[in-house]
Amino acid sequence: MFKKLVFYLLLAVFTAIVVKFSLSIFLPVESYAYRQVKKIAPVVNNQLLPIHQHIKDSSRPEDPFDFPVKLGQHGPINSLYAGNIQYPFYCMTVDSGLGQPLVDNQAGYGVPVYENLAQPTKIIGYSKDCNIATKMQYFALNKHGDVNKLTSFELKNFAAETSDRELLRVEQGTINRFIYTIVMPINVKEIGARLSKSQWNKRLIFQFNGGSGIGYRQGKQKAARVIARQKQQLLDGYAVISSSGNKTSYTYNMLLAEDTARRVKKHFVSLYGEPLYTVGIGGSGGGLAQYLIAQNSTGILDGLIPLYSYPDMISQTTYALDCDLLNNYFTFRAKKKSHWLDWHKRQAVEGMNALNDFPQRAGYLQPVNQIMAGFVPSLPSGNSECINGYFGLSSFINNPRQGFLRDFFHQDVVKEVKWSFWQDLVSVLGEDAAGYGLSTWDNIGVQYGLLALQQQTISIDEFVDLNSKIGSWKPQADMTAEHIIMPFGRKIPLWLSLWGNQNITPVTQGIASRHKGSIKAMQAAYRAGQVFIGKVTLPIIDVRHYLEDDLDMHHVSASFYSRLRITEQNGQSDNHVIWIADKNYNPTTLAFKRMDEWLLALRKDPSISVAQAKPQGLFDQCFAANGEVIFKGEDIWDGKWNNKHEGECQKIYPMYSTSRIQAGDTWSGDMFKCQLMTVKQAIAQGLYKPVDMSPYQRQLENIFPDGVCDYSQGDQGRPSDL
């Protein structure tokens, strides 16, 4: 331990020297510089679906585009109803192995297009919308899952092979400026014939993908990757469609994602006819996208297989953006920092799992930042999901001055754009007078660690100190970029502003101020379908691995937030099945099999309900590492989330909560802004029992001048008609 600390001290000294004298000599070569966007195209006004009611109840406009997209041409550019087209927009056709985008202007807008990309010297034009000419390619897939792109020579000789490889025709092009992919199993006699489909089993998969995105990029989509994710299903005869616009690494605008998905499917149907059904698949953001598209619209999906899912992104930000505030408090602001060296104690406040003696990937950053802040350095003695899973997220999605580490955009463009999750949704949520996207994040009245206080896991002094100093995120206009240097490249950045501390409200006279979210933005988020409120009746098999012991950000409890919202909306959740497995067993193929039975039963008799069509024996389940079903049934996941006695699977794969649940919020997790009551009322109602907080009433009133959260009432940000 002593040797490690000496090393980190030396690293801190080295870092300080670098910061003071010369950052530039260490910066890596600008690998994207020759394709940088240096000029922003003018705004193109575009229709936004009216959101005076929930968009599920709003009709979509007729599509004027004449599908299918013709070979050699590109698809539509403007979305039908997702608001203004976003610029700048970084083209990623080269990154996807599809060559340079089509030239669409000579005014310098967008990425440069070169006469010869291998020798990028002569620019022949620019591309602001990143379109490519639609084309076909061919791939081979064997039963072992190996994927190979076929050259013209290999394709000619494919018929003579005696191997067990399956032939796949892949079409790629652009729709809504995003790269779409269609994968169709064919036989050798169908090479060159775009419309042939003899090997297709009439079932269609829409592949969604995840990640955290703030817009401004077309996104990368490689055909081989799309194929690799659905290897078994392609071998079984399914067709697969996907789009980079349906990967949340590139946007969380669910109106744009829905419109893109609808058009990609419409293009497919115009070529091959209606499938028996369309089932969604995709993890993390690709899971929540299914929930929201199924909730908000019809005609795109018939069944859902969300993996590692959340209900939505925007309500996840409520507790995710607490993480760095809490870490900043534990590391720099706590009156007695030694009290928080027990990571189980932190977990009682953070909600998500935390473990002692669990290494941190970037643990060296703590002593570096402590020295720079004037504190005695120490190494972290444990880790948490807040760090292991969410480190850097608050900066990326919430700080408009941060943006991308990669140099997609010229510095002049970087300075001009407001880079954030909120800005990506500005056409939906609105903007303030300075042009910053309105934020839903709010922590007025939130009493962090309330349950831990009630359970006496933390003391009264710790509770008061925490809530006095945790603070909140500064207004976006007051934020600054992180202090990051990259002497070892972008994969090992040195954060010299750990936990985004320069953007957290300071402690003034013992108290750090809180942040008030925009009720206008909250209401718009609800109406525009950015929030999952459970309005879905389609068959769902929600699948995930149990990763709590890995401190992975894909926490088990998120599946049950979705279940609670479905139940609250529909009075039951018969259409919602949850499977959780040991990380060494993947039940996805089985999920496709059971979903096929479910959807075919509905197709055979459309008059029966989703619950009546559910296959026999399809229940909530938990799986062992060898694939064995440990337990199944309706009550196996019961626990704190539904106020019931702990179920058998819950005992094996226990779930954790969030910072807001630990502050007294409900398990459905869809509260943006709580109703408030006075501290005096809270004490009188026994909110803190068995702890007597009456001697601390005045202190609490100073911390919470507007009152404290009364979670027994509804969300201030939720429209009354919803």
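Residues numbered from 1 in each chain as written. Predicted model: local features only at pLDDT ≥ 70, side-chain atom pairs only at ≥ 80, totals over all residues. Heavy atoms only, no water.

Considerations on the overall build of the chain
Then, in step 1: Within the chain one finds 24 helices and 22 strands.
Then, in step 2: For 722 residues, the compact-globule estimate of 2.2 N^0.38 gives 27 Å, and the chain sits close to it at 26 Å.
Then, in step 3: For the chain, the spread of C-alpha atoms along the three principal axes comes to 85 × 65 × 55 Å.
Then, in step 4: Counting over 722 residues, the chain shows a buried share of 59%.
Then, in step 5: Looking at the chain as shown, the accessible area adds up to about 28800 Å², and 52% of this sits on carbon and sulfur atoms.
Then, in step 6: Side-chain charges in the chain split into 73 positive and 66 negative, and the spacing between the mean points of these groups amounts to 5 Å. (Helix = DSSP H or I, 4+ residues; strand = E, 2+ residues; numbered from the N terminus. Rg over C-alpha atoms; globule rule 2.2 N^0.38 Å. Buried < 20%, exposed > 50% of the residue type's maximum accessible area, 1.4 Å probe, protein only. Areas by Shrake-Rupley, 256 points an atom, 1.4 Å probe, with all protein chains shown as cover. Lys, Arg positive; Asp, Glu negative; His and termini not counted. Charge placed at Lys NZ, Arg CZ, Asp CG, Glu CD.)

Thoughts on the nonpolar core
Then, in step 1: In terms of nonpolar packing, the biggest core is built from 152 residues, with Phe-268 and Tyr-688 touching the most fellow members.
Then, in step 2: In terms of residue count, helix α5 (residues 254–272) provides more of this core than any other element does, ten residues in total.
Then, in step 3: Filtering out sequence-adjacent residues up to four positions away, Phe-268 remains in contact with Ile-182, Met-184, Trp-200, Leu-204, Ala-239, Ile-241 and Gly-273.
Then, in step 4: In this structure, Leu-234, Ile-305, Val-543 and Ala-591 belong to the second largest nonpolar core, which totals 32 residues. (Core = buried A, V, L, I, M, F, W, Y, C linked by side-chain atoms within 4.5 Å. Contact = heavy atoms within 4.5 Å.)

Quick look at the pairing of strand β5 (residues 166–175)
Then, in step 1: For β5, the buried fraction is high: nine of the ten residues fall into the buried class.
Then, in step 2: Connecting β5 to the next strand, strand β6 (residues 178–186), in antiparallel fashion are two residues, including Asn-176 with a positive phi near 60 degrees. (Pairing = 2+ DSSP bridges.)

Focus: the packing of aromatic side chains
Then, in step 1: All told, the structure shown has 31 aromatic pairs when counted by the stated rule.
Then, in step 2: Ring geometry for Phe-268 and Tyr-272: centres 5.0 Å apart, planes at 55 degrees, overall tilted. With Phe-268 and Tyr-272 both in helix α5, this residue pair falls four residues apart, about one helical turn. Each member of the pair Phe-268 and Tyr-272 is classed as buried.
Then, in step 3: Geometrically, the ring pair formed by Phe-404 and Phe-408 is edge-to-face, given 5.5 Å between the ring centres and 75 degrees between the ring planes.
Then, in step 4: When its relative accessible area of 16% is taken as the criterion, Phe-404 is described as buried. (Phe/Tyr/Trp six-rings, centres within 6.5 Å; stacked < 30°, edge-to-face > 60°.)

Considering the packing of helix α8 (residues 322–333) against helix α17 (residues 460–469)
Then, in step 1: Where α8 meets α17, the axes come as close as 10 Å, and the angle between the chain directions of the two elements is 110 degrees. Our classification of the angle between α8 and α17 gives roughly perpendicular. Crossing geometry of α8 relative to α17 is assigned as right-handed. Counting all contacts with α8, which are made through Leu-326, Tyr-329 and Arg-333, the residues of α17 involved are Glu-462, Asp-465, Leu-466 and Lys-469.
Then, in step 2: The residue makeup of the contact of α8 with α17, split by class, is three nonpolar, no polar and four charged. (Axes fitted to C-alpha atoms, helices over the stretch in contact; angles between N-to-C directions. Parallel < 35°, antiparallel > 145°, perpendicular 65-115°, else oblique. Left-handed = near helix turned anticlockwise from the far one by under 90°. Nonpolar A, V, L, I, M, F, W, Y, C, P; charged D, E, K, R; others polar.)

What to know about unusual backbone geometry
Then, in step 1: In this model, Phe-67 is joined to Pro-68 through a cis peptide bond whose omega is 5 degrees.
Then, in step 2: Assignment of secondary structure puts Pro-68 in the loop between α1 (2–21) and β1 (111–114).
Then, in step 3: In this structure, Pro-88 follows Tyr-87 across a cis peptide bond, with omega equal to 0 degrees.
Then, in step 4: Of note, Pro-88 is situated in the loop between α1 and β1.
Then, in step 5: A positive phi angle, close to 75 degrees, is found at Arg-177, a residue other than glycine.
Then, in step 6: Within the secondary structure layout, Arg-177 lies in the loop between β5 and β6.
Then, in step 7: We classify Arg-177 as buried; its relative accessible area is 5%.

Section: the environment of Leu-167
Then, in step 1: Tracing the chain through its elements places Leu-167 in strand β5.
Then, in step 2: Ignoring anything within four residues of it in the chain, the contact list for Leu-167 reads Tyr-138, Phe-139, Leu-150, Leu-155, Phe-158, Met-184, Pro-185, Ile-186, Asn-187, Val-188 and Ile-191.

Some remarks on the pattern of salt bridges
Then, in step 1: For the coordinates displayed, the defined rule picks out 21 salt bridges.
Then, in step 2: Asp-95 is the partner of Arg-35 in a salt bridge, and the nearest nitrogen-oxygen pair spans 3.1 Å. Taken together, the positions of Arg-35 in the loop between α1 and β1 and Asp-95 in the loop between α1 and β1 put the pair 60 residues apart, joining distant regions of the chain.
Then, in step 3: One salt bridge connects Lys-128 with Asp-129, and the closest N-O pair in it is separated by 2.8 Å. (Salt bridge = Lys/Arg side-chain N within 4 Å of Asp/Glu carboxyl O.)

A few points about helix α20 (residues 588–604)
Then, in step 1: Taking 1.5 Å of rise per residue, the 17 residues of α20 would be expected to cover 24 Å, and the 24 Å separating its terminal C-alpha atoms lies within 8% of that figure.
Then, in step 2: For α20, the complete set of buried residues consists of Thr-588, Ala-591, Phe-592, Arg-594, Met-595, Asp-596, Trp-598, Leu-599 and Leu-602. (Expected span 1.5 Å × (residues − 1).)

A look at the pairing of strand β7 (residues 203–209)
Then, in step 1: Where burial is concerned, most of β7 is hidden: seven out of the seven residues are buried.
Then, in step 2: Pairing between β7 and strand β9 (residues 277–283): five bridges, direction parallel. What sits directly across from Gln-207, in β9, is Ile-281.
Then, in step 3: The pairing of β7 with strand β8 (residues 239–247) spans five bridges and is parallel. By the bridge assignment for β8, Leu-204 is matched with Ala-239.

As for the confidence of the model for the chain
Then, in step 1: When pLDDT is averaged along the chain, the result is 93; 95% of the residues meet or exceed 70.
Then, in step 2: Scored below 50 in pLDDT, residues 12–30 makes 20 contacts in the model with residues more than four places away or belonging to other chains. (pLDDT = per-residue confidence, 0-100.)

What about the sheet that holds β9?
Within a beta sheet, neighbouring strands are joined by backbone hydrogen bonds and run either parallel or antiparallel to one another.
Then, in step 1: An order of β4-β3-β5-β6-β8-β7-β9-β10-β17-β18-β19-β20 is seen for the twelve strands of this open sheet, with the pairing classed as mixed. Each having just a single partner strand, β4 (147–149) and β20 (629–632) make up the two edges of the open sheet. Taking each pair of neighbouring strands and ignoring which way they run, the sheet shows an average axis angle of 20 degrees.
Then, in step 2: Two strands pair when backbone bridges link them, and strand β3 (residues 135–141) and β4 are joined in this way by three bridges, in the antiparallel orientation. What sits directly across from Phe-139, in β4, is Lys-149.
Then, in step 3: Across the face of the sheet, α5 comes into contact with β5, β6, β7, β8 and β9 while running at roughly 155 degrees to β8.

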